Amino acid sequence: MISVCLVDDQNLVRQGVRSLLDLAEDIRVVAECADGAQAVQDIPRIKPDVVLLDLRMPNMSGLEVLQALSARNELPPTIILTTFDDDQLVLQGLKAGARGYLLKDVSLEQLVEAVRTVAAGGSLVAPMVTQRLLAGVGRMQNQFTSLEQPDPLTERETEILRLLSGGYSNKEIANSLKVAEGTVKNHVSNILSKLGVRDRTRAVLKALELGIV
């Protein structure tokens, strides 16, 4: 059973998302937070498998929630809930540690699949990156910590990075390449080190920025 925490200041949004997730037999909403401050307090205690997080909230934004929990190493796999006009916020959220994003009018199938993917260690970044978001990466280039060309990736590392950008988990990549999951983990560690990033989502963003994938 995948446990989920909903964080959104709009009660109707929370009710709508909960009603969709209630239809999935393997997903259970274990908590709801109506603002960012409550989320920062409750999430480390509840330890949900996945967080669905709104970015635009009064008092403490979703971005501040991501930054606060990341700084304390208490951020569960998190999916941003967003609208079409949130491009820059979404990019900042991905940089702050979110695993991907969904539009608030998401279908049942998309929502359930996204929660399952993220809970299994995957990412939603590349399949859902729009041209506007890619343009946003370009506009935000001067905000990346390091923009130097990283150490060159090997052919296998590049192959794995492309699979990472497709949202695949280590296990799925291992099955696809017919190698041990531990081998994939070692390659992912090397990729993160070479790109100078600390997690898979930032690796995909950096790869998109540098044109590697």
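Small disclaimer: the values here were computed from a predicted structure and weren't measured.

*Asks:* Before we move on, could you go through the sheet that holds strand 3 (residues 50–54) and cite the residues and values that matter?
*Replies:* Strand order in the open sheet formed by five strands is 2-1-3-4-5, with parallel pairing between adjacent strands. Of all the strands in the sheet, the pair left with one neighbour each is strand 2 (27–33) and strand 5 (100–103). Neighbour-to-neighbour, the strand axes of this sheet turn through a mean angle of 25°, independent of strand direction. The pairing of strand 1 (residues 2–7) with strand 3 spans four bridges and is classified as parallel. Looking at strand 3, one finds that Val7 is bridged to Leu53. Packed on one face of the sheet, helix 5 (residues 108–119) meets strand 1, strand 2, strand 3, strand 4 (78–82) and strand 5 and runs near 125° to strand 3.

*Asks:* Describe the UniProt feature "modified residue: 4-aspartylphosphate" (unreviewed entry) in the protein chain, naming the residues involved and giving the relevant values.
*Replies:* The positions UniProt marks with the feature "modified residue: 4-aspartylphosphate" (unreviewed entry) are Asp54. Its place among the elements puts Asp54 in strand 3. Using a relative accessible area of 2% as the deciding quantity, one classes Asp54 as buried. Contact partners of Asp54, with chain neighbours within four places excluded, come to Val7, Asp8, Asp9, Gly62, Leu81 and Lys104.

*Asks:* Describe in detail unusual backbone geometry, supporting the description with residues and values.
*Replies:* Positive phi outside glycine occurs at Lys47, with the angle close to 50°. Among the structural elements, Lys47 can be located in the loop between helix 2 (36–46) and strand 3. With a phi close to 60°, Lys178 is a non-glycine residue in the positive phi region. On the basis of relative accessibility, which here comes to 75%, the residue Lys178 falls in the exposed class.

*Asks:* Please set out the pattern of salt bridges residue by residue, giving values where relevant.
*Replies:* Within this structure, the stated rule accounts for eight salt bridges. Two residues, Arg14 and Glu32, come together in a salt bridge whose shortest N-O distance is 2.9 Å. Linking Arg14 in helix 1 (residues 11–21) with Glu32 in strand 2, this pair joins segments that are 18 residues apart in sequence. Its salt-bridge partner being Glu159, residue Arg156 comes within 3.0 Å of it at the nearest N-O pair. Of this pair, Arg156 and Glu159 both sit in helix 7 (residues 155–165), separated by three residues, roughly a single helical turn. Under the relative-accessibility criterion, Glu159 is labelled partly exposed at 33%. Several salt bridges converge on common partners, so that one network encompasses Arg14, Arg18 and Glu32.

Calculation rules
- Residues numbered from 1 in each chain as written.
- Predicted model: local features only at pLDDT ≥ 70, side-chain atom pairs only at ≥ 80, totals over all residues.
- Heavy atoms only, no water.
- Pairing = 2+ DSSP bridges.
- Helix = DSSP H or I, 4+ residues; strand = E, 2+ residues; numbered from the N terminus.
- Axes fitted to C-alpha atoms, helices over the stretch in contact; angles between N-to-C directions.
- Contact = heavy atoms within 4.5 Å.
- UniProt positions renumbered as here; feature names shortened; annotations may be inferred.
- Buried < 20%, exposed > 50% of the residue type's maximum accessible area, 1.4 Å probe, protein only.
- Salt bridge = Lys/Arg side-chain N within 4 Å of Asp/Glu carboxyl O.

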